[in-house]
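# Breakdown of the fold
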Amino acid sequence: MLDDLTQHPDRLPQARRFLAVHLDGLERITARLEAGAAAPEGLPPLLDELTRTAGELRERLSREESAALEIQVKVLSDRLREEGYR
């Protein structure tokens, strides 16, 4: 997801809240683990959920980008037809 956002910084506003919540939580978990806390049973399912939701966000952003491209293709195709090039 971060690679995708690096390539498309215009998507940052959509992902900002997601990233803030997830990264803050992960930083806090990491700090506690580094301080010697034992990982609770709920940690692996939580990490799986974070991975799943990050994937869902990336898929949604990809769908939105694909929809925008489809519109651009249609507009250009219509314009070419109107100008007599198609």
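The structure we're discussing is the one just above.
Now for a description of the structure that goes with this document. (Residues numbered from 1 in each chain as written. Predicted model: local features only at pLDDT ≥ 70, side-chain atom pairs only at ≥ 80, totals over all residues. Heavy atoms only, no water.)

Pairing is possible between side chains that carry opposite charge, provided their charged atoms lie close to one another. This structure, assessed with the given rule, holds 7 salt bridges. Glu 64 is the salt-bridge partner of Arg 60, the closest N and O atoms lying 3.1 Å from each other. Of the two residues, Arg 60 and Glu 64 are both situated in helix H3 (residues 43-82); the distance of 4 residues between them amounts to about one turn of the helix. Judged by its relative accessible area of 33%, Arg 60 falls in the partly exposed class. A residue is classified by how much of its surface remains accessible, and Glu 64, at 35% relative accessible area, is partly exposed. Members of the salt-bridge network, linked through shared partners, are Glu 49, Arg 52 and Glu 56. (Salt bridge = Lys/Arg side-chain N within 4 Å of Asp/Glu carboxyl O. Helix = DSSP H or I, 4+ residues; strand = E, 2+ residues; numbered from the N terminus. Buried < 20%, exposed > 50% of the residue type's maximum accessible area, 1.4 Å probe, protein only.)

Helix length check: H3, at 40 residues, gives a terminal C-alpha distance of 58 Å against a target of 58 Å (1.5 Å per residue), a fit within 8%. By the burial criterion, the buried members of H3 are Leu 43, Leu 50, Thr 53, Ala 54, Leu 57, Leu 61 and Ser 77. In the segment just after H3, Gly 84 is the residue with positive phi, at about 85°. (Expected span 1.5 Å × (residues − 1).)

The next subject is the nonpolar core. A general trend in soluble globular proteins is that nonpolar side chains are found buried together. Counting 7 residues, the largest nonpolar core consists of Leu 5, Ala 15, Phe 18, Leu 19, Ala 54, Leu 57 and Leu 61. Elements that contribute at least two residues to this core include exactly helix H2 (12-34) and H3. (Core = buried A, V, L, I, M, F, W, Y, C linked by side-chain atoms within 4.5 Å.)

The next point concerns a nonpolar patch on the surface. Nonpolar side chains collect at one region of the surface, where Leu 76, Leu 80 and Tyr 85 lie side by side and expose about 340 Å² of accessible area between them. Along the chain, Leu 76 turns up in helix H3. Judged by its relative accessible area of 51%, Leu 76 is exposed. (Patch = residues over 30% accessible without salt bridge, like charges linked within 9 Å, V, L, I, M, F, W, Y side chains within 5 Å. Areas by Shrake-Rupley, 256 points an atom, 1.4 Å probe, with all protein chains shown as cover.)

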